[in-house]
Amino acid sequence: MDFRLLGPLEVVDGGGAPLKLGGRKPRALLARLALDAGRTVSVDQLVDDLWGDEVPESAVKMVHIHVSALRKALPPGTLHTRSPGYALELPEEALDLDRFERLRRAGRQALDHGDAGTAADRFAAALDLWRGPALAEFNEPFAIVESAHLRERLQVCVEDRVDADLALGRHADLVGELESHVAANPLRERLRAQLMVALYRSGREADALAVYHAYRDTLNEQLGLEPSARMRELERRILRQDATLDGRTETSEEAVALKVEPIRYVQSVGGYSIAYQVVGDGPLDIIFVHGFICSFQPGWEWPALASFYRGLAKLGRLILFDKRGTGLSDRVLGIASLEERMDDVRAVMDAVGAERAVVVGVSEGGPMCTLFAATHPDRTQALVTLGAYARRNWAPDYPIGRRAEQDGWLRPTAEQWGRYATERFLQERAPSIATDEAAIDWYTSYLVRGASPAAVSAITDMNEEIDVRHALGTVRVPSLVVYRAQEYLREASRYMGARLPGAHVVEAPGSDHLPWEGDQGAVLEAIEHFLTDLRAQHAEPNLILTTVLEADVPEPDLAVARSALARFRGQPLDAPPGRFRASFDGPARAVRCASALAEAIPHLRAGVHTGECELVDGRLTGPALEITAGVARAAAAGEILATSTVQDLVAGSGIEFSERGAVELPLAGASREWRLFTVER
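Owing to the predicted nature of the structure, the values given are computational and were not obtained by experimental measurement.

**Student:** How do you make sense of the overall build of the chain when you look at a structure like this?
**Tutor:** A count of helices and strands for the chain gives 24 helices and 21 strands. For a compact globule of 681 residues, the expected C-alpha radius of gyration is about 26 Å, and the chain comes in at 27 Å, within 12% of that figure. By principal-axis analysis of the C-alpha atoms, the chain measures approximately 80 × 75 × 45 Å. When the 681 residues of the chain are sorted by exposure, 57% land in the buried category. In the chain, 70% of the contacts between residues at least 6 apart in sequence involve partners at least 24 apart. Surface exposure of the chain reaches about 27500 Å², of which carbon and sulfur atoms provide 50%. In the chain, 76 positive and 99 negative side-chain charges are present, and the distance between their average locations comes to 2 Å.

Structure follows, in structure tokens:
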């Protein structure tokens, strides 16, 4: 059997005859399962991927019907039922996408080892598998995302093949092809660099420089950006007529040096476009989450930050992105919550094909990464925090927190958002360069490109609400906490390190909070040692942090409840008669689902709690379910109650609470007081 995704969807039997797969929806379902061949895809995920926000009432039933029809069309034993969904099992090498990836990796390995001839052959064989655009016949949500992802993998393979051909001295033959590629992809930096090299080696120095100038003008006109330091260096080498640009040996090294992929966008939950970039191609995926309003793209201009990026990229495939509301990503109205930022991380991981990643969070990125690791251990290989905190502001039970008067500059006026704010930023977060005029000038430009004064104030508001202390003990993946011995958040980092189960804690020398300033080598060395030992550590992916909603929903209103559940991406759980129970991957969604139910069912009594659960055979168990049931019983008619854990974790969501007070809840034969809050509607 030959299963073909790289072009129009086809399944061909051993005799070469195509199988009849039915209409578009069953074909789309089959394509979605093929993208995760060998892995179980839940029915709920299939519904989301096939219908998105417009889910019909019969969606689940339609999935089952389409699966039944596909089973009749496919060879026996191909499509399996596996709780909580289905899995497509294909013979080895049956899927053209798998063959493409195998050939592409072999080509890349050969090129990195200087065997350009073998590399060119492997890349050419991989490209021959493409019969046209992948998934172009589908408009389902998954296809829109995955077609862009597959298109990107195709383009990278083309660029890798060009590198191999350059190493073989085929520059004259490449010029025409590269000119066509550049015309179709005017913002792809790697293609521009390859065209410049091909033209220069063909004796067309002036044309090579013209390609650079055209790129610079295009970037400035469309994005207001300058070419990267790498492209500027290539221009300088051409102007100097650098002799190494003529040699074949240089090309292979150049190919490695140019493995900084162009900036791309992926659509996240809510329709926001998130900017991201991939650096390197190591076997370990590392997603880097900046703090505050720091954005990734300008970092290539500053030697210390560019060096830090390269240091991380030596440890694995580095994934950079800008949080919604900052840098090159879409702006937001109000404040982006931790939950929404976790959605952005998942969207970027999906876009680059990262099933699991090491999540690295700096400063305010740390609590979001911590919550992500606790909520999505199946997507998290390890957690690394750099100068981070679980809670930022002072509280009676958190005396090491910041006082409001210490952060006045974080709510700048329009006039203050520039050098004034930058000087204070560096004094606090990078004192080793705080009086360096060049540093002040660059960081002023860096910060103002990250966000506007109003956005800075909004982000500060959200940061002051962050409190993930309840989540620390639920993280079940290997963790590393790094901080500087004299930095301003050292006590907050120590607090995290003492409460993350089994965390490695490293105190690096220095006073700079920004990990790339000062002695970045000590920070990178700590991360490298931790990742080297990662294989020997064992996570507990069956323990997850989840939010549970329970409410009293009469039988006639269950259809309303199921509709609300689909809208807010909840998962139904078993519940006693007359009760409705569901789990969510974020507390804000659970609260909003409860609010929607309360609008439709005026006398609803509901409880929401976030806690650790165990996933056993696709079913959630654990005390969080019992606690939620007790909270729901404590609610009055028409009231939604939430625990303090929920209230702490919805920072930036805009959800408001009023304190109900301490309520004693029975749990496993004992009683405990819980602080409960009423959701304001």
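**Student:** Sorry, what's going on with the sheet that holds strand 3 (residues 41-42) here?
**Tutor:** Whether parallel or antiparallel, the strands of a sheet pair through hydrogen bonds between backbone atoms. Read across the open sheet, the three strands follow the order 3-5-4; overall the sheet is antiparallel. The strands lining the two open edges of the sheet, one partner per strand, are strand 3 and strand 4 (79-82). In this fold helix 1 (residues 24-35) packs onto strand 3, strand 4 and strand 5 (85-88), with an angle of close to 75 degrees to the strand it touches most, strand 5. The sheet strands contacting helix 3 (residues 59-73) are strand 4 and strand 5, and the helix crosses strand 4 at an angle near 140 degrees.

**Student:** Quick question: what am I supposed to make of the UniProt feature "DNA-binding region" (unreviewed entry) in the chain here?
**Tutor:** The sites that carry the UniProt feature "DNA-binding region" (unreviewed entry) are, in the present numbering, residues 1-90. Helix makes up 40% of residues 1-90 and strand 18%, whereas the separation of the span's terminal C-alpha atoms amounts to 8 Å.

**Student:** When you look at the sheet that holds strand 8 (residues 285-289) in this model, what are you seeing that I'm missing?
**Tutor:** As summarised here, the arrangement of the eight strands in space is 6-7-9-8-10-11-12-13, forming an open sheet in which the pairing is mixed. Both edges of this open sheet fall to strand 6 (264-267) and strand 13 (504-508), since each of them pairs with a single strand only. Averaged over all adjacent pairs, the angle separating strand axes in this sheet is 25 degrees, with direction ignored. Bridging between strand 8 and strand 10 (residues 357-362) involves four bridges; their strand directions are parallel. Bridged to I286 within strand 10 is V358.

**Student:** Help me out: how do you make sense of the confidence of the model for the chain in this one?
**Tutor:** For any part of a model where pLDDT is low, the fine detail of the predicted coordinates should not be relied upon. Per-residue pLDDT for the chain has a mean of 88; in total, 95% of the residues score no lower than 70. Here residues 248-256 is a poorly scored stretch, pLDDT under 50, and it has 21 contacts once near neighbours within four places are set aside; other chains count.

**Student:** Please explain unusual backbone geometry as it appears in this structure.
**Tutor:** What you tend to see is this: most non-glycine residues have negative phi, and most peptide bonds are trans. In this model, S83 is joined to P84 through a cis peptide bond whose omega is 10 degrees. In this fold, P84 is placed in the loop between strand 4 and strand 5. Unlike most non-glycine residues, E93 shows phi in positive territory, near 70 degrees. With respect to the secondary-structure elements, E93 resides in the loop between strand 5 and helix 4 (96-112). Residue E93 is classed as partly exposed on the basis of its relative accessible area of 31%. We note that L135 has phi near 65 degrees; this positive angle belongs to a residue other than glycine.

**Student:** It is not clear to me how the environment of L597 should be interpreted in this structure. Could you clarify?
**Tutor:** If you trace the backbone, L597 turns up in helix 22 (residues 587-600). Sequence-wise, L597 and A564 are 33 residues apart; in three dimensions their C-alpha atoms are separated by 6.9 Å.

**Student:** Explanation requested: the packing of aromatic side chains in the structure shown.
**Tutor:** The relative placement of two aromatic rings is captured by the distance of their centres and the angle of their planes. The full count for this structure, using the stated rule, is 14 aromatic pairs. With a centroid separation of 4.9 Å and an interplanar angle of 80 degrees, the aromatic rings of W442 and Y443 are classed as edge-to-face. Residue Y443 is classed as buried on the basis of its relative accessible area of 0%. Here Y443 and Y446 contribute two aromatic rings whose centre-to-centre distance is 6.0 Å and whose plane-to-plane angle is 70 degrees, an arrangement assigned as edge-to-face. Highlighted residues: Y443 and Y446, both in helix 16 (residues 437-450), separated by three residues, approximately one helical turn.

**Student:** So what exactly am I meant to see when it comes to the pattern of salt bridges here?
**Tutor:** Opposite charge on two side chains permits them to pair, given that their charged atoms come into close proximity. Throughout the structure, instances matching the rule amount to 64 salt bridges. Across the pair R419 and E423 runs a salt bridge, and its minimum N-O distance is 2.9 Å. Linking R419 with E423, this pair stays in helix 15 (residues 419-429), spanning four residues, or about one helical turn. The partly exposed category is assigned to E423, whose relative accessible area is 23%. For R619, the salt bridge is made with D574, and the minimal N-O distance between the two is 2.8 Å. Of the two residues, R619 sits in strand 18 (residues 619-621) while D574 sits in the loop between strand 15 (571-573) and strand 16 (579-584), which places them 45 residues apart along the sequence. Exposure class is identical for R619 and D574. Each is exposed. Salt bridges sharing partners connect three or more residues here, namely R108, E152, E159, D160, D163, R188, R190, E261 and R264.

**Student:** Help me understand the nonpolar core, please; the structure alone is not making it clear to me.
**Tutor:** Residues F288, L386 and Y443 are the most contacted members of the largest nonpolar core, which totals 60 residues. Core analysis: the second largest hydrophobic core is formed by 53 residues, V63, L95, A116 and A143 among them.

**Student:** Before we go on, may I ask you to explain helix 23 (residues 623-634) in this structure?
**Tutor:** The periodicity of an α-helix, 3.6 residues per turn, causes residues three or four places apart in sequence to face the same way. Its twelve residues give helix 23 an end-to-end C-alpha distance of 17 Å, which sits within 8% of 16 Å, the value for a rise of 1.5 Å per residue. Three or more residues of helix 23 are buried, namely A624, L625, I627, T628, A629, G630, V631 and A632.

**Student:** Please clarify how the pairing of strand 5 should be interpreted in this entry.
**Tutor:** One face of the sheet, then the other: side chains in a regular strand alternate in exactly this way. Inspection of the sheet shows strand 3 paired to strand 5 by two bridges, in the antiparallel sense. What sits directly across from S42, in strand 5, is G85. The pairing of strand 4 with strand 5 spans four bridges and is antiparallel. Its bridge partner lying in strand 5, T81 is registered against Y86. Here strand 4 folds back onto strand 5, and the loop between the two strands holds two residues.

Analysis parameters
Residues numbered from 1 in each chain as written. Predicted model: local features only at pLDDT ≥ 70, side-chain atom pairs only at ≥ 80, totals over all residues. Heavy atoms only, no water. Helix = DSSP H or I, 4+ residues; strand = E, 2+ residues; numbered from the N terminus. Rg over C-alpha atoms; globule rule 2.2 N^0.38 Å. Buried < 20%, exposed > 50% of the residue type's maximum accessible area, 1.4 Å probe, protein only. Contact = heavy atoms within 4.5 Å. Areas by Shrake-Rupley, 256 points an atom, 1.4 Å probe, with all protein chains shown as cover. Lys, Arg positive; Asp, Glu negative; His and termini not counted. Charge placed at Lys NZ, Arg CZ, Asp CG, Glu CD. Pairing = 2+ DSSP bridges. Axes fitted to C-alpha atoms, helices over the stretch in contact; angles between N-to-C directions. UniProt positions renumbered as here; feature names shortened; annotations may be inferred. pLDDT = per-residue confidence, 0-100. Phe/Tyr/Trp six-rings, centres within 6.5 Å; stacked < 30°, edge-to-face > 60°. Salt bridge = Lys/Arg side-chain N within 4 Å of Asp/Glu carboxyl O. Core = buried A, V, L, I, M, F, W, Y, C linked by side-chain atoms within 4.5 Å. Expected span 1.5 Å × (residues − 1).

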